[in-house]
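Letter by letter, the chains look like this.
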Amino acid sequence: MISQRKIGWFFVMLMAVLTVPLSAQDSLPPAPYAYNQLDDPRLESEATALMHSLRCLKCQSQSIADSDAPMAGDMRHQVRSRILAGESPSEIRSWLIARYGDYVSYEPEVSATTWPLFAGPIVLLLIVAGVLLRRLGKRRCDAGDAA
Amino acid sequence: MPPLRFRRNSGMRSRLFLWLPLALFAFFAGVAGYMLTQDKDEFVESTMIGEPLPEFALEPAVAGLPGASKAHFVGGKPRLLNIWASWCLPCIAEAPQLEALQAEGVEIIGIAIRDRPEDVSNFLGRYGNPYAAIGSDKISEVQLAIGSSGVPETFVIDANGVIRYQHIGDIRQADVPMLLGELDNAR
């Protein structure tokens with residue numbers, strides 16, 4: 001007779017097997033430059049630096065350099081083949097930003113929505129400088145009065 | 001003594017001032033708490049709405065249907081560009097809705113992402129073929145060029161080849177009239 005415990009174990013094992021991802025993935029080989037480096041080390045280092053600062057769209061907290069998602073591979077192929085064709089990293093970044101918005105880039109750019117991030121610290125510094133000047137100026141005046 | 005009174009006044013003011021950092025902190029904690037309760041928007045929308053489709057010409061994704069190119073979208077009426085793949089589960093769910101749209105007279109051009117002809121053919125055999133043409137995008141080249149970040153996605157393209165609307169995710173039953181409306185708007 002099969003014990004209840006055995007049935008329990010069978011159930012546990014079944015659940016373990018069911019955790020295998022259900023969603024299908026494509027079976028195509030990766031794009032030519034998804035995992036292959038460029039022959040010219042200077043161009044490859046340019047491409048790598050750029051890939052580390054571009055966001056993977058499928059796995060949103062990784063750069064496309066860090067991600068194994070097929071789409072990240074296809075984006076790396078775009079970056080490497082465009083670098084090879086003579087495009088500059090900043091041109092490629094703007095090409096992607098024109099398609100996906102600022103979101104795709106980890107390197108913040110000044111735009112209609114991000115300017116407070118850049119202006120904020122400058123304004124704070126100016127306020128601090130103003131306060132300091134007034135306080136120090138006052139103290140000097142006090143000292144002058146006392147003398 | 002006048003100086004003492006002056007000091008007492010400024011003392012009260014600065015005591016109130018002491019609460020300012022805490023108030024600011026509470027404000028930011030409140031904002032953070034509020035944002036944590038909000039649903040995260042995981043979709044990356046295309047910023048190509050209003051822009052013309054880029055030039056492209058893709059090989060046929062399956063025998064018996066033409067491949068897809070920009071020329072398919074120019075002239076006549078607005079069309080749908082459906083980004084899909086045979087390996088994508090939500091694409092199965094939206095297949096009946098694409099057929100319903102086709103039955104309404106909508107011309108649907110597909111782009112199959114990272115797909116094989118035999119898999120595309122199996123998919124169409126099993127779930128029906130609403131497409132007038134399907135291009136094979138083996139390296140997501142056209143997908144990236146139009147700012148699409150996954151499968152399935154559906155774009156409304158007007159008769160001038162300009163991208164007018166993007167639907168992210170599978171087309172549900174309720175989305176069919178909405179897409180028909182967007183196609184009308186693009187006229």
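Worth saying up front: this structure is predicted, and the values here are computed from it rather than measured.

What counts, and where the lines are drawn
Residues numbered from 1 in each chain as written. Chains lettered and ligands numbered in written order. Predicted model: local features only at pLDDT ≥ 70, side-chain atom pairs only at ≥ 80, totals over all residues. Heavy atoms only, no water. Helix = DSSP H or I, 4+ residues; strand = E, 2+ residues; numbered from the N terminus. Buried < 20%, exposed > 50% of the residue type's maximum accessible area, 1.4 Å probe, protein only. Contact = heavy atoms within 4.5 Å. Rg over C-alpha atoms; globule rule 2.2 N^0.38 Å. Salt bridge = Lys/Arg side-chain N within 4 Å of Asp/Glu carboxyl O. Bend = angle between axes of the 7 residues up to and from the residue. pLDDT = per-residue confidence, 0-100. Pairing = 2+ DSSP bridges. Axes fitted to C-alpha atoms, helices over the stretch in contact; angles between N-to-C directions. Patch = residues over 30% accessible without salt bridge, like charges linked within 9 Å, V, L, I, M, F, W, Y side chains within 5 Å. Areas by Shrake-Rupley, 256 points an atom, 1.4 Å probe, with all protein chains shown as cover. Disulfide = S-S within 2.5 Å. Phe/Tyr/Trp six-rings, centres within 6.5 Å; stacked < 30°, edge-to-face > 60°. Lys NZ or Arg CZ within 6 Å of the ring centre and 35° of its normal.

Further remarks concern the overall build of chain A. For chain A, the count of helices and strands is five helices and zero strands. Each helix and strand of chain A, ordered N terminal to C terminal, gives the series α-α-α-α-α. Classification of the 147 residues of chain A by burial places 30% in the buried group. Sequence separation of at least 24 residues holds for 53% of the intrachain contacts in chain A that already meet a minimum separation of 6.

Attention shifts here to the overall build of chain B. If you tally the helices and strands in chain B, you get five helices and five strands. Listing each helix as α and each strand as β along chain B from the N terminus yields α-β-α-β-α-β-α-β-β-α. A globule of 187 residues ought to have a C-alpha radius of gyration of about 16 Å, yet chain B, at 27 Å, is considerably larger. Dimensions of chain B, computed from C-alpha atoms along their principal axes, come out at roughly 100 × 30 × 30 Å.

This paragraph deals with the pattern of salt bridges. All names here are of chain A. Applying the stated criterion across every chain, the model contains nine salt bridges over all chains. Close ionic contact of Arg 80 with Glu 44 constitutes a salt bridge, the shortest N to O distance being 3.0 Å. Taken together, the residues Arg 80 in helix H3 (residues 70-84) and Glu 44 in helix H2 (residues 41-51) connect sequence positions 36 residues apart. For the pair formed by Arg 80 and Glu 44, the shared burial category is buried. Glu 87 is the salt-bridge partner of Arg 82, the closest N and O atoms lying 3.2 Å from each other. For Glu 87, a relative accessible area of 25% puts it in the partly exposed group.

This next bit is on helix H2 (residues 89-103) of chain B. All names here are of chain B. Residue Ala 95 marks the point of greatest curvature in H2, where the axis turns by about 40 degrees; the proline Pro 96 follows within four residues. When we look at burial in H2, the residues that qualify are Cys 91, Glu 94, Ala 95, Gln 97, Leu 98 and Leu 101. Count one or two residues on from H2 and you reach Gly 105, which has phi positive near 95 degrees.

Our focus in this paragraph is the confidence of the model for chain B. Confidence in the prediction of chain B, expressed as mean pLDDT, is 92, and 94% of residues score 70 or more. Two numbers describe this predicted complex: its pTM, 0.78, and its ipTM, 0.82.

What follows deals with the sheet that holds strand E5 (residues 163-168) of chain B. All names here are of chain B. Spatially, five strands are ordered E3-E2-E1-E4-E5 in an open sheet, and the strand pairing comes out mixed. Each end of this open sheet is capped by a strand with a single partner; those strands are strand E3 (131-137) and E5. Sheet twist, expressed as the mean angle between neighbouring strand axes with direction ignored, is 20 degrees. Of the strand pairs in this sheet, strand E2 (residues 108-113) and E3 are connected by six bridges, and their pairing is parallel. Considered in E3, the bridge of Ile 109 is made with Ala 133. Across the face of the sheet, H2 comes into contact with strand E1 (79-84), E2, E3 and strand E4 (153-157) while running at roughly 165 degrees to E1. Most of the contacts of helix H5 (residues 175-185) go to E5, to which it runs at about 170 degrees, and overall it touches E1, E4 and E5.

With that settled, consider a nonpolar patch on the surface. Residues Phe 17, Leu 20, Leu 24, Phe 27, Phe 28, Val 31, Tyr 34 and Met 35 of chain B make up a contiguous nonpolar surface patch of roughly 890 Å² in combined accessible area. Residue placement: Phe 28 of chain B occurs in helix H1 (residues 2-37).

Another aspect to go through is the state of the cysteines. Think of a disulfide as a covalent bridge from one cysteine sulfur atom to another cysteine sulfur atom. Residues and elements named next belong to chain A. Summed over the entire model, instances satisfying the criterion amount to two disulfides over all chains. Paired by a disulfide, Cys 56 and Cys 59 hold their sulfur atoms 2.2 Å apart. Residues Cys 56 and Cys 59 share a disulfide whose torsion about the S-S bond is about 85 degrees; that sign makes it right-handed.

This paragraph deals with the packing of aromatic side chains. Evaluation of the coordinates by the stated rule reveals four aromatic pairs over all chains. Plain terms: the ring middles of Trp 84 of chain B and Phe 123 of chain B are 4.8 Å apart, the flat faces sit at 45 degrees to each other, and that makes the pair tilted. Of this pair, Trp 84 of chain B sits in strand E1 while Phe 123 of chain B sits in helix H3 (residues 117-127); the two residues are 39 residues apart in sequence, bridging distant segments of the chain. Judged by its relative accessible area of 0%, Trp 84 of chain B is buried. Residue Phe 123 of chain B is classed as buried on the basis of its relative accessible area of 6%. Ring centres 5.2 Å apart and planes at 10 degrees place the aromatic pair Trp 84 of chain B and Tyr 131 of chain B in the stacked group. Note that Trp 84 of chain B is positioned in strand E1 and Tyr 131 of chain B in strand E3, a separation of 47 residues in sequence. Each member of the pair, Trp 84 of chain B as well as Tyr 131 of chain B, is classed as buried. Over the face of the ring belonging to Tyr 103 of chain A we find Arg 55 of chain A, whose NZ or CZ atom lies 4.2 Å from the ring centre. It is Arg 76 of chain A that lies over the ring of Tyr 35 of chain A; its NZ or CZ is 4.7 Å from the centre.

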